[in-house]
Amino acid sequence: MNDIWWQTIGEGNCHLVLLHGWGLNAGVWDCITPELSSQFTLHLVDLPGFGRSTDFGALSLEEMTRLVLTKAPEKAIWLGWSLGGLVASLAALTAPERVQALVTVASSPCFSAQADWPGIKPDVLTGFQQQLSEDFQRTVERFLALQTLGTESARQDARRLKSTVLALPMPTTDVLNGGLEILKTADLREPLASLPMPFLRLYGHLDGLVPRKVVPLLDARWPNSQSYVFSKAAHAPFISHPTEFCQQLVALKQVIV
């Protein structure tokens, strides 16, 4: 059986699993791990097929979540960014006894736009899938650039994301396509309405991939969850606003520990 890359650091009395987004790897958390490692025992993961978790093909959301659960601690806060937010959410739904709290970052239970739901137009995601086979690296770079668009530190943040990707072998086209397929088809809006554990949703006001219009819609659908919007952030608030981001996690820890 193939194994996924997993690193545990820090000495805090609370475990925190960190799941990255599409095309990336656990290196995205480097900007916040020094600050968080005194507060949490951190579990850094390369999702199957990404980063150092090689030798995986395209997986479904269920398969990806099951693999991460096999290596996760018995009890932890689960934090997922973007695509990782779907994995963390499904972990909370399938193994609620192991998830102390769920944190989603710049994520949506349904990334695809629908008649009554703001999101990414399905043809945009289909376009990315087609472009991957034509110009692999440029397509990934374009997707990364979209994640920081509009912020004061956009160029610097995009460089950081790009260097995180290029530091390790690139995922295969199949794996990237599989991730886009999950973003295109997953819809966890109804199941997540009845989560038993604390649920914190973090957003960027300038996010072009998860529109801020989803925030009040989910506030109404999920009254037991809490939301926070970083006013000058886009799709990667932990990179553009690391201190403010960490404050949200420490505040959550104080509530549940």
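Naming follows an unreviewed UniProt entry, where the protein appears as Pimeloyl-[acyl-carrier protein] methyl ester esterase of Scandinavium goeteborgense. Taken from UniProt, the Pathway (unreviewed entry) comment for the protein reads in full: "Cofactor biosynthesis; biotin biosynthesis."

Draft legend 1. Local environment of the environment of L202. By the secondary structure assignment, L202 is in strand β6 (residues 199-204). Relative accessible area serves as the criterion here: at 0%, L202 is assigned to the buried category. In this view, L202 contacts V103, T104, V105, A106, Y228, F230, F245 and Q248; residues no more than four positions away in its chain are not counted.

Draft legend 2. Representation of the UniProt feature "domain: AB hydrolase-1" (unreviewed entry) in the protein. Under the UniProt annotation, "domain: AB hydrolase-1" (unreviewed entry) lies at residues 15-242. Across residues 15-242, the secondary structure splits into 39% helix and 15% strand, with the terminal C-alpha atoms separated by 19 Å.

Draft legend 3. Structural detail: the UniProt feature "active site" (unreviewed entry) in the protein. Sequence positions flagged by UniProt for "active site" (unreviewed entry) are, in local numbering, S82, D207 and H235. In summary, the annotated positions, though distributed over 154 residues, converge in three dimensions, the widest C-alpha pair being only 11.1 Å. When you line up the elements, S82 lands in the loop between β4 (76-81) and α3 (83-94). The exposure class assigned to S82 is buried, which follows from its relative accessible area of 6%. Excluding residues within four positions of it along the chain, S82 makes contact with G21, V105, A106, S107, F111 and H235. Of note, D207 is situated in the loop between β6 and α8 (214-221). When near neighbours in sequence (up to four residues on either side) are disregarded, D207 contacts A106, A233, A234 and H235.

Draft legend 4. Summary view of helix α4 (residues 122-134). Spanning 13 residues, α4 covers 19 Å between terminal C-alpha atoms, matching the ideal 18 Å at 1.5 Å per step. Every buried residue of α4 is accounted for by L125, G127, F128, Q129 and L132.

Draft legend 5. Structural context of the sheet that holds β6. Strand order in the open sheet formed by 7 strands is β1-β3-β2-β4-β5-β6-β7, with mixed pairing between adjacent strands. Two strands lie at the open edges of the sheet, namely β1 (6-9) and β7 (226-230), each paired on one side alone. Going across the sheet, the axis of each strand differs from the next one's by a mean of 20°, ignoring polarity. In this structure, strand β5 (residues 99-105) lies alongside β6, joined through 4 bridges in parallel fashion. The residue of β6 that forms the bridge with T104 is R201. Contacts from α3 reach β2 (15-19), β4 and β5, with the element oriented near 150° to β4.

Rules used in this analysis
- Residues numbered from 1 in each chain as written.
- Predicted model: local features only at pLDDT ≥ 70, side-chain atom pairs only at ≥ 80, totals over all residues.
- Heavy atoms only, no water.
- UniProt positions renumbered as here; feature names shortened; annotations may be inferred.
- Helix = DSSP H or I, 4+ residues; strand = E, 2+ residues; numbered from the N terminus.
- Buried < 20%, exposed > 50% of the residue type's maximum accessible area, 1.4 Å probe, protein only.
- Contact = heavy atoms within 4.5 Å.
- Expected span 1.5 Å × (residues − 1).
- Pairing = 2+ DSSP bridges.
- Axes fitted to C-alpha atoms, helices over the stretch in contact; angles between N-to-C directions.

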